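Fold and contact review
Spelled out from the first residue to the last, the chains are:
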Amino acid sequence: MLDILAIIFPVFALAGVGFAAAHWRILDAADNRGIARFVFNLAVPALLFHTLASAELPGEFNWTFMLIYYGVSYLVFGLGIWLNRRWFAADAAESAIFGLGASYSNLVLVGLPILSAAFGDIVLFPLFALISVQSLLMFPLVALFAAPGEPDNGSLRNLGQQALGILKNPIIASLLLGLAVRATGWRLSGPLDRTLEILGQAALPSALIVLGASLREHRLAGKLRQAWTLVGLKMLLQPALVALLAFGVFHIQPLWATVAVMAAAMPTGVNTYVLAEQYQSGRQIASAAILISTILAIGSQALLLAWLG
């Protein structure tokens, strides 16, 4: 138990530092946006590229792992839309945001620090595989379901713009470039290798500071029944289904199964709120769900580490 605490505590303690810094105005909103740009445009891409280009990776890619994870994500997304419309009489746009929040994990700000601290570099390849396509596979669903029955309006343009924006994302670009470099057989060495290593080392602590500071902006106000329902789907149903399929049905390798289950149990991704702002719908639900699920992740990830570790 002490080993698990040693893994979990520093992760959420750094997020707490970010929260406190934002609360006491040591970091204001502009500061946090600047750190976030550094994290997502420089530090995390450097970490991903350096790891893929130089680290030892599993010998074969497990496609069943991807099918399980995203098959369940799509199922939970659809169930979230149905429940939000059936139980809460919500409109299409809010239900699409609800479905995304129930199925979209915070794999970078929370997943990357926890999994790398718990298991080391060996889990990074399957985790990077999930990160590389999560936005590409999940965001277009919001564009499709937020305005059903209106194929001639701006929804299709939104879909294309989202896909193009995802491909231009520095995190996705660094993953693709790292795989390309690895495929050539060339290995990083010397000053370039050390520079990328140092820059990548700044990624995880900076990301956690950004996470904590961003949580300061979220509120538990309004539509809490919907938010708790969303969190139940995200934190309980999604990892339970992934665990059932990964361990009980398909019996995939323990490394890949562990990453799949823990990734599914990560809290709702912050980008859910970004899309809620874009569609001007579901902001209260997304904000509350991100805050609740991130706090609950302290205990849920510790329990999963005790079970899977």
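What counts and how
Residues numbered from 1 in each chain as written. Predicted model: local features only at pLDDT ≥ 70, side-chain atom pairs only at ≥ 80, totals over all residues. Heavy atoms only, no water. Helix = DSSP H or I, 4+ residues; strand = E, 2+ residues; numbered from the N terminus. Rg over C-alpha atoms; globule rule 2.2 N^0.38 Å. Buried < 20%, exposed > 50% of the residue type's maximum accessible area, 1.4 Å probe, protein only. Contact = heavy atoms within 4.5 Å. Areas by Shrake-Rupley, 256 points an atom, 1.4 Å probe, with all protein chains shown as cover. Lys, Arg positive; Asp, Glu negative; His and termini not counted. Charge placed at Lys NZ, Arg CZ, Asp CG, Glu CD. Salt bridge = Lys/Arg side-chain N within 4 Å of Asp/Glu carboxyl O. Axes fitted to C-alpha atoms, helices over the stretch in contact; angles between N-to-C directions. Parallel < 35°, antiparallel > 145°, perpendicular 65-115°, else oblique. Left-handed = near helix turned anticlockwise from the far one by under 90°. Polar contact = N/O pair within 3.5 Å; in protein donor to acceptor, adjacent residues only side chain to side chain.

Along the backbone of the protein there are 14 helices and zero strands. Along the protein, helices and strands appear, N-terminal first, in the series α-α-α-α-α-α-α-α-α-α-α-α-α-α. For 309 residues, the compact-globule estimate of 2.2 N^0.38 gives 19 Å, and the protein sits close to it at 19 Å. For the protein, the spread of C-alpha atoms along the principal axes amounts to about 60 × 50 × 45 Å. Per-residue burial over the protein gives 54% buried out of 309 residues. Residue pairs at least 24 apart in sequence account for 85% of intrachain contacts in the protein once pairs closer than 6 positions are excluded. Surface exposure of the protein reaches about 13,900 Å², of which carbon and sulfur atoms provide 67%. For the protein, the separation between the mean place of its 16 positive charges and that of its 14 negative charges on side chains is 8 Å.

A positive phi is found at arginine 25, a non-glycine position, where the angle reads about 65°. Along the polypeptide, arginine 25 turns up in the loop between α1 (2-23) and α2 (29-54). At alanine 89, a position not held by glycine, the phi torsion is positive, near 50°. As for its placement among the helices and strands, alanine 89 is situated in the loop between α3 (63-88) and α4 (92-103).

Before going further, it helps to spend a moment on the pattern of salt bridges. Taken as a whole and assessed by the stated rule, the structure comprises three salt bridges. The partner of arginine 194 in a salt bridge is glutamate 197, with the nearest N and O atoms 3.2 Å apart. Linking arginine 194 with glutamate 197, this pair stays in helix α9 (residues 190-201), spanning three residues, or about one helical turn. Looking at arginine 194, the relative accessible area reads 43%, which means it is partly exposed. The partner of glutamate 277 in a salt bridge is arginine 283, and the shortest N-O contact between them spans 3.7 Å. Using a relative accessible area of 32% as the deciding quantity, one classes arginine 283 as partly exposed.

Interhelical geometry of α3 versus helix α11 (residues 224-249) gives an angle of 150° and a closest axis separation of 10 Å. Regarding the angle of α3 to α11, the classification is roughly antiparallel. Crossing geometry of α3 relative to α11 is assigned as right-handed. Contact with α3, carried on its side by Ile68, Tyr69, Val72, Ser73, Leu75, Val76, Leu79, Gly80, Leu83, Asn84, Trp87 and Phe88, involves Arg225, Gln226, Thr229, Leu233, Leu237, Gln238, Leu241, Val242, Leu245 and Ala246 of α11 and no other residues of that element.

By secondary structure assignment, the location of serine 116 is in helix α5 (residues 107-119). In this structure serine 116 comes out as buried when scored by relative accessible area, which is 19%. Engagement of the side chain of serine 116 in a polar contact is seen with the backbone oxygen of proline 113, the distance being 3.3 Å. Look past the residues within four positions of serine 116 in its chain and what remains in contact with it is Val123, Leu124 and Leu204.

Let's shift gears to the environment of leucine 48. Within the fold, leucine 48 resides in helix α2. As for leucine 48 and alanine 90, which are separated by 42 residues in sequence, their C-alpha atoms are 39 Å apart. Setting aside its immediate chain neighbours within four residues, leucine 48 contacts Phe128, Ile171, Ser174 and Leu175.

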